[in-house]
Amino acid sequence: MDRIRTVRKAVIPVAGNGTRFLPATKAIPKEMLTIVDRPVVQYAVDEARQAGIEHIVFVTSRNKQAIEDHFDDTPELISSLTRSGKNAQVSELEEMLPRAGSVSFTRQQAPLGLGHAVWCARDVIGDEPFALLLPDMLCHGARGCMAGLVDLYRQTGGNVVGVEQCAPEDASKYGIVGKGATVPHGFEVTKMVEKPRAGEAPSNFYLNGRYILQPEIFDILAHQQRGAGNEIQLTDGMLKLSQNQAFHAHPYEGRTFDCGSREGFIAANVAFALARSDLGDMVYAAVKDMVLSHEGRIRAA
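Definitions and cut-offs
- Residues numbered from 1 in each chain as written.
- Predicted model: local features only at pLDDT ≥ 70, side-chain atom pairs only at ≥ 80, totals over all residues.
- Heavy atoms only, no water.
- Helix = DSSP H or I, 4+ residues; strand = E, 2+ residues; numbered from the N terminus.
- Buried < 20%, exposed > 50% of the residue type's maximum accessible area, 1.4 Å probe, protein only.
- Polar contact = N/O pair within 3.5 Å; in protein donor to acceptor, adjacent residues only side chain to side chain.
- Contact = heavy atoms within 4.5 Å.
- Axes fitted to C-alpha atoms, helices over the stretch in contact; angles between N-to-C directions.
- Parallel < 35°, antiparallel > 145°, perpendicular 65-115°, else oblique.
- Nonpolar A, V, L, I, M, F, W, Y, C, P; charged D, E, K, R; others polar.
- 1 Å grid on protein atoms, 1.4 Å probe; cavity = no way out; pocket = protein on both sides within 12 Å on 5 of 7 lines; lining within 4 Å.
- Points joined across faces, edges and corners; volume = space filled by probe spheres on them.
- Phe/Tyr/Trp six-rings, centres within 6.5 Å; stacked < 30°, edge-to-face > 60°.
- Lys NZ or Arg CZ within 6 Å of the ring centre and 35° of its normal.
- Pairing = 2+ DSSP bridges.
- Salt bridge = Lys/Arg side-chain N within 4 Å of Asp/Glu carboxyl O.

## Some points on the side chain of Lys64
Here comes step 1: Position of Lys64 relative to the elements: it lies in the loop between strand E4 (55–60) and helix H2 (65–70).
Here comes step 2: The buried category is assigned to Lys64, whose relative accessible area is 5%.
Here comes step 3: Among the polar contacts made by the side chain of Lys64, one reaches the main-chain carbonyl oxygen of Val14 at a distance of 3.1 Å.
Here comes step 4: Among the polar contacts made by the side chain of Lys64, one reaches the side chain of Glu31 at a distance of 2.8 Å.
Here comes step 5: With residues near it in sequence (within four places) discarded, Lys64 still touches Val14, Ala15, Gly16, Pro29, Lys30 and Glu31.

As structure tokens, then:
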């Protein structure tokens, strides 16, 4: 096996318009909507850093300045908090602040799909393998999903995708992979199918928005024809890449919430709040009361 190169950089696409969350996203990027008290995009950055990623490349679009500001220093705020003795908040903000030069921003000028957004990061990534995290897909578990992908990549090289299991009848909603030979931390991918028709899915393992890809994907995406939705689809590019390079899958031992949907966003807020030592009991009591009240109204109807 050729030398396996270290994954140092990650791409996080944040160029979407967030139309499913209007009117909230009319002036606020959807990635800045909060799960408890942190914006969605912060969780993706934290997950990447926990996996050993050294440099984050954000692919942005117009009206995303708030994301850049979030990852910038705020000396006036820090000074005000320090004077007020709010040292815990100061420490938290300083811990979240990326090192100077460890974050880059590049623009996707037109909404041409995820594959095009990834291609826009090509000059910053260069000739290196890279991680890709879709911030809308929020992973919740004892360990970040990307750390598991990195573990698998270190033994297999090539390309690695994060997967989870869905109910077989729901496979037509997702990108599905075929399951091959088992390896430590995962299995070989035999095929990839985007939203297979009912009864035709090769398995019930779906792509959960976490990837490690080799730089050859950029040349493929540069010439990729538009697919579903008249957009350049990343899955189409990965299918072409798989003809010459191996793909492995890491099953995530947690749960991924689709925060691009309203129901997924709400469920993620509840799950993350319940996991907090400072909020869990209070949130549990409030949710329990609401559920009981809701069930009572249904029985009375």
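## Digging into the packing of helix H10 (residues 262–274) against helix H11 (residues 280–300)
Here comes step 1: At a minimum axis distance of 7 Å, the contact between H10 and H11 shows a crossing angle of 135°. For the element pair H10 / H11, the angle class is oblique. Contacts between H10 and H11 involve Val270, Ala273 and Leu274 from the former and Gly280, Val283, Tyr284 and Val287 from the latter.
Here comes step 2: Of the residues contributing to the contact of H10 with H11, the split by class is six nonpolar, one polar and no charged.

## Describing empty space enclosed by the protein
Empty space left among the atoms is revealed by rolling a probe the size of a water molecule over them.
Here comes step 1: On inspection of all chains with the given rule, the structure shows one cavity of 30 Å³ or more.
Here comes step 2: The space that makes up the largest cavity amounts to roughly 40 Å³.
Here comes step 3: Considering the residues around the largest cavity, the lining is formed by Phe21, Lys30, Leu33, Val40, Asp136, Cys259 and Phe265.
Here comes step 4: When the residues that make up the lining of the largest cavity are grouped by side-chain class, the tally is five nonpolar, no polar and two charged.

## As for the packing of aromatic side chains
Here comes step 1: For the structure on display, the rule yields seven aromatic pairs.
Here comes step 2: Plain terms: the ring middles of Phe130 and Phe218 are 5.1 Å apart, the flat faces sit at 15° to each other, and that makes the pair stacked. Here Phe218 lies in helix H8 (residues 216–222) and Phe130 lies in strand E6 (residues 130–133), a separation of 88 residues in the sequence. Per residue, the accessibility class of Phe130 equals that of Phe218, and both read buried.
Here comes step 3: Ring pairing ties together the aromatic residues Phe58, Phe71 and Phe105, which thus form one cluster.
Here comes step 4: Against the face of Trp119 rests Arg122, its NZ or CZ located 3.7 Å from the ring centre.
Here comes step 5: Lying over the aromatic face of Phe187, Lys179 brings its terminal NZ or CZ to 5.2 Å of the ring centre.

## Focus on the pairing of strand E9 (residues 175–183)
Here comes step 1: Bridge analysis of E9 against strand E10 (residues 186–194) gives six bridges, and the strand direction is antiparallel. Opposite Thr182, over in E10, you have Phe187 as the bridge partner.
Here comes step 2: Hairpin remark: E9 followed by E10, antiparallel, with two residues in the connecting loop; positive phi at His185, about 75°.

## Section: the layout of surface pockets
Here comes step 1: Counted as a void, the second largest pocket has a volume near 600 Å³.
Here comes step 2: The wall of the second largest pocket is formed by 25 residues, among which Arg38, Tyr43, Asp46, Gln50 and Phe272 lie closest to the centre.
Here comes step 3: Counting residues per element, the ones that place at least two in the lining of the second largest pocket are helix H1 (40–50), helix H4 (87–96) and strand E7 (137–140).
Here comes step 4: Among the elements that line the lining of the second largest pocket, the one with the most residues is H1, at seven residues.
Here comes step 5: Classifying every residue of the lining of the second largest pocket by side-chain character gives ten nonpolar, five polar and ten charged.

## With respect to the pattern of salt bridges
Here comes step 1: As enumerated under the stated definition, the model contains 15 salt bridges in all.
Here comes step 2: Residue Glu92 is joined to Arg38 by a salt bridge in which the shortest nitrogen-to-oxygen separation is 3.3 Å. You can see Glu92 sitting in helix H4 and its partner Arg38 sitting in strand E3 (residues 38–39), a full 54 residues away along the chain.
Here comes step 3: Since its relative accessible area comes to 35%, Glu92 is described here as partly exposed.
Here comes step 4: Under the relative-accessibility criterion, Arg38 is labelled buried at 19%.
Here comes step 5: A salt bridge links Glu200 to Arg197; the shortest N-O distance between them is 3.7 Å.
Here comes step 6: For Arg197, a relative accessible area of 63% puts it in the exposed group.
Here comes step 7: Connected through shared salt-bridge partners, Arg8, Lys9, Glu54 and Glu128 make up one network.

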